[in-house]
Amino acid sequence: MRRYGWLLWFVLDLVLVVVFAASGRSTHEESVDALGTLGTAAPFLIALTAATLATKGWKTINDVWPWGFVVWGGTVVLGLGLRVLMGSTAAWPFILVTTGTLALFLIGRRAVAGLLIRNRVKLRG
């Protein structure tokens with residue numbers, strides 16, 4: 001289990017990106033159905049996967065610095081680029097909200113995981 005435990009953290013990152021997409025769709029009064037939400041999330045899911053693999057996520061999945069920032073930046077930049085290539089828009093307000101929300105989700109998740117892991121290690125002695 002320990003060998004593949006990083007996959008659970010990666011799945012959580014994927015879920016957070018889907019939550020980001022669903023929240024955005026809901027805010028803009030678009031339907032939050034599975035296909036629409038996955039369509040909105042797809043460029044960022046692809047980017048997150050690429051960034052995680054590029055940073056050797058199986059070793060670095062909970063590192064905030066520098067790898068968490070690389071994953072976040074890669075997810076934002078590549079995700080926005082893919083979004084535009086797929087025919088959607090990327091206006092400045094969307095870029096700012098995307099950057100902030102994914103920072104909170106991807107870097108924040110790593111910070112919380114780090115605290116939980118450190119506390120668990122301290123409790124074990």
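Calculation notes
- Residues numbered from 1 in each chain as written.
- Predicted model: local features only at pLDDT ≥ 70, side-chain atom pairs only at ≥ 80, totals over all residues.
- Heavy atoms only, no water.
- Helix = DSSP H or I, 4+ residues; strand = E, 2+ residues; numbered from the N terminus.
- Axes fitted to C-alpha atoms, helices over the stretch in contact; angles between N-to-C directions.
- Parallel < 35°, antiparallel > 145°, perpendicular 65-115°, else oblique.
- Left-handed = near helix turned anticlockwise from the far one by under 90°.
- Contact = heavy atoms within 4.5 Å.
- Nonpolar A, V, L, I, M, F, W, Y, C, P; charged D, E, K, R; others polar.
- Phe/Tyr/Trp six-rings, centres within 6.5 Å; stacked < 30°, edge-to-face > 60°.
- Buried < 20%, exposed > 50% of the residue type's maximum accessible area, 1.4 Å probe, protein only.
- Polar contact = N/O pair within 3.5 Å; in protein donor to acceptor, adjacent residues only side chain to side chain.
- Salt bridge = Lys/Arg side-chain N within 4 Å of Asp/Glu carboxyl O.

Asker: Report on the environment of A22, specifying residues and quantitative values.
Answerer: Tracing the backbone through its elements, the reader meets A22 in helix α1 (residues 6–27). In this structure, the C-alpha to C-alpha distance between A22 and A41, residues 19 residues apart in sequence, is 8.1 Å.

Asker: Lay out the packing of helix α2 (residues 34–54) against helix α4 (residues 64–85) with the relevant residues and their values.
Answerer: Running from amino to carboxyl end, α2 crosses α4 at an angle of 140°, the nearest separation of the two axes being 8 Å. With respect to each other, α2 and α4 are oriented oblique. Here α2 and α4 pass one another in a crossing that is right-handed. Contacts between α2 and α4 involve T40, P43, F44, I46, A47, L48, A50, A51 and T52 on the former and, on the latter, V71, G74, T75, V76, L78, G79, L80, L82 and R83. Residue composition of the contact of α2 with α4, grouped by class: 12 nonpolar, five polar and one charged.

Asker: Hey, could you go over the packing of aromatic side chains for me, with residue numbers and the actual values?
Answerer: Any two aromatic rings considered together are summarised by their centre-to-centre distance and by the angle between their planes. This model, assessed by the stated rule, comprises six aromatic pairs. Residues W6 and W58 carry aromatic rings whose centres are separated by 6.3 Å and whose planes lie at 65° to one another, so their mutual orientation is edge-to-face. Placement of W6 in helix α1 and of W58 in helix α3 (residues 57–60) is noted, with a sequence separation of 52 residues between them. Residue classification places W6 among the buried residues on the basis of a relative accessible area of 15%.

Asker: Account for the side chain of T98, naming residues and giving values.
Answerer: Among the structural elements, T98 can be located in helix α5 (residues 92–124). Only 2.7 Å separates the side chain of T98 from the backbone oxygen of F94, close enough to count as a polar contact. Not counting residues within four places of it along the chain, the set of residues in contact with T98 comprises F20, F44, V76 and L80.

Asker: Lay out the pattern of salt bridges with the relevant residues and their values.
Answerer: All chains considered together, the criterion is met by three salt bridges. The closest approach of N and O atoms between D13 and R109, which form a salt bridge, is 2.9 Å. Of the two residues, D13 is situated in helix α1 and R109 in helix α5; the sequence distance between them amounts to 96 residues. R25 is the salt-bridge partner of E30, the closest N and O atoms lying 3.0 Å from each other. Overlapping salt bridges, with partners in common, bring together D13, R109 and R110 in one network.

Asker: I'd like to hear about unusual backbone geometry, residue by residue, with values.
Answerer: Of note, the bond from W65 into P66 is cis; its omega dihedral lies within 30 degrees of zero at -5°. Take P66: it is sitting in helix α4. Its identity is not glycine, yet E29 carries a phi of approximately 55°, on the positive side. Looking at the secondary structure, you find E29 in the loop between α1 and α2. Classification of E29 as exposed rests on a relative accessible area of 75%. Positive phi outside glycine occurs at K56, with the angle close to 55°. Structurally, K56 is set in the loop between α2 and α3.

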